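# Geometric and topological summary
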Amino acid sequence: NTFSKTILRLKKEEDFEFDDILILARTDARATEGIDEAIERCKLFLEAGADMTFLEAPQSIDEMRRYCNEVPGWKMANMLARGETPSLSPKELEEMGFSVAAYPFDIMCTIIESVQRKLEDLKVPDKPPALPSVETVNKLWELSGFKQYEEEQAQYGCADYKKEKAENQPQ
C-alpha cells in the first residue's frame, strides 16, 4: 500500500547524508482512518527517519494536544483559514508542542479583501479614491526598489541630467 511505500522511501533516504534537507512526513489518515491511525503513522515516519511530522486536519484542540503529547520530535500545524483544524495563535501552538505553524491563506485573503475594497472605492465616479498612507507608499518604494533607484540616480547625477534635458526641450 501507499503508506508502506512511503516508509520504505524514508528508510532509503536514511542511508544518505543530507545535512541541509529536512524530511517532513505528512499523513492525511485522520480523515479516513481516524486520529489513532494518524498518530501511529507519524510515529512510524519518525522511526523511518523523518525529521518532522505533519498530521493533517486534527479536528479539535484535544486531538492537537494528543498528537503533540504522543508523537515526539518536531511537529507542524497547518492553520488553514476556515479549515477543519481549530485556529490557534502561534504562541498557543508553541505551548502545545508544535514547532512550525503555517497560515497558508491568511496573507492571500488579506490581499484579496484589500484589493476588493480599493476597487469599490475606485467605482465611485464623483470623488477621488482614498490615498494610501505615507508609510504604505514609502514601504512600496522600498520593497519595489524605486527608493534605491532614486538614490542611485542622485549618486550618479542622473536626476540633474533629466532636469537639464527637460529644461532644454523646445516648448
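One can find the structure itself at the top, above this paragraph.
Quick summary incoming for the structure in this document. (Residues numbered from 1 in each chain as written. Predicted model: local features only at pLDDT ≥ 70, side-chain atom pairs only at ≥ 80, totals over all residues. Heavy atoms only, no water.)

### Some thoughts on the overall build of the chain
Put simply, the test is: Each helix corresponds to a stretch of at least 4 residues labelled H or I by DSSP, and each strand to a stretch of at least 2 residues labelled E; elements are numbered beginning at the N terminus. Each residue gets one of three labels from its accessible area relative to the maximum for its type: buried under 20%, exposed over 50%, partly exposed in between, using a 1.4 Å probe on protein chains only. Any two residues whose heavy atoms approach within 4.5 Å are treated as being in contact. Where accessible areas are quoted, they stem from the Shrake-Rupley method and a 1.4 Å probe; at the residue level, only the protein chains shown are allowed to cover.
When helices and strands are tallied, the chain shows 9 helices and 4 strands. Reading the chain from its N end, one meets helices and strands in the order α-β-α-α-β-α-β-α-β-α-α-α-α. Here the chain holds 171 residues, and 24% of them are scored as buried. Residue pairs at least 24 apart in sequence account for 57% of intrachain contacts in the chain once pairs closer than 6 positions are excluded. Of the accessible surface of the chain, which amounts to about 12,800 Å², a share of 54% is contributed by carbon and sulfur atoms.

### As for the packing of helix H3 (residues 35–47) against helix H4 (residues 61–70)
Stated precisely, the cut-off is as follows: Note on geometry: axes are C-alpha line fits, over the in-contact stretch for helices, and angles between N-to-C directions span 0 to 180 degrees. Working rule for angles: under 35 degrees goes down as roughly parallel, over 145 as roughly antiparallel, 65 to 115 as roughly perpendicular, anything else as oblique. The sense of a crossing depends on the near helix, which, turned anticlockwise from the far helix by less than a right angle, makes the crossing left-handed and, turned clockwise, makes it right-handed. Polarity classes work like this: nonpolar for Ala, Val, Leu, Ile, Met, Phe, Trp, Tyr, Cys and Pro, charged for Asp, Glu, Lys and Arg, and polar for all others, with Gly in that last group.
Look at H3 against H4: their axes get within 10 Å of each other, and the N-to-C directions meet at 30 degrees. Compared by their axis directions, H3 and H4 come out roughly parallel. For the crossing formed where H3 meets H4, the hand is right-handed. On the side of H3, the interface is formed by Ile-35, Asp-36, Ile-39, Cys-42 and Lys-43, while H4 contributes Glu-63, Arg-66, Tyr-67 and Glu-70. Of the residues assigned to the contact of H3 with H4, the class counts are 4 nonpolar, no polar and 5 charged.

### Considering the nonpolar core
Keep this limit in mind: As used here, the term nonpolar core means buried Ala, Val, Leu, Ile, Met, Phe, Trp, Tyr and Cys residues forming a set that is joined through side-chain atoms within 4.5 Å.
Ranked by internal contacts, the top residues of the largest apolar core, which has 17 residues, are Leu-55, Met-64, Tyr-67, Val-71, Leu-93, Met-96 and Phe-98. Of all the secondary structure elements, the ones that give two or more residues to this core are H3, H4 and helix H5 (90–96). At 5 residues, the largest contribution of residues to this core is made by H3. Residues in contact with Phe-98, not counting those within four places in the same chain, are Met-64, Tyr-67, Cys-68, Lys-75, Met-76, Ala-77 and Leu-93.

### Description of the pattern of salt bridges
Inclusion rule: Salt bridges are identified by distance alone: a Lys or Arg side-chain nitrogen within 4 Å of an Asp or Glu carboxyl oxygen.
The full count for this structure, using the stated rule, is 13 salt bridges. Across the pair Glu-40 and Lys-43 runs a salt bridge, and its minimum N-O distance is 3.4 Å. Of the two residues, Glu-40 and Lys-43 are both situated in helix H3; the distance of 3 residues between them amounts to about one turn of the helix. Taking the relative accessible area as the measure of exposure, Glu-40 reaches 38% and is therefore partly exposed.

### A word on the packing of aromatic side chains
How we decide: Within 6.5 Å between ring centres, the rings of Phe, Tyr and Trp (the latter by its six-membered ring) count as paired, and their orientation is classed by plane angle as stacked under 30 degrees, edge-to-face over 60, tilted in between.
One pass over the structure, following the stated rule, counts 2 aromatic pairs. Ring geometry for Tyr-67 against Phe-98: centres 5.8 Å apart, planes inclined by 55 degrees, an arrangement best described as tilted. Note that Tyr-67 is positioned in helix H4 and Phe-98 in the loop between H5 and strand E4 (100–102), a separation of 31 residues in sequence. Here Tyr-67 falls in the buried class, since its relative accessible area comes to 0%.

### Describing the pairing of strand E3 (residues 74–78)
Consecutive side chains of a regular strand alternate in pointing toward one face of the sheet and then the other. Filter applied, for reference: By the convention used here, strands pair only if DSSP detects at least 2 bridges between them. Call a crossover right-handed when, viewed with both strands pointing away from you, the route from the first strand across the helix to the second goes clockwise.
Most of E3 is tucked away, with 4 of its 5 residues classed as buried. Across 2 bridges, the pairing between strand E2 (residues 52–55) and E3 is parallel. Residue Met-52 lies in a different strand from E3, and its bridge partner there is Trp-74. A crossover links E2 with its parallel partner E3, the connecting element being H4, and its sense is right-handed.

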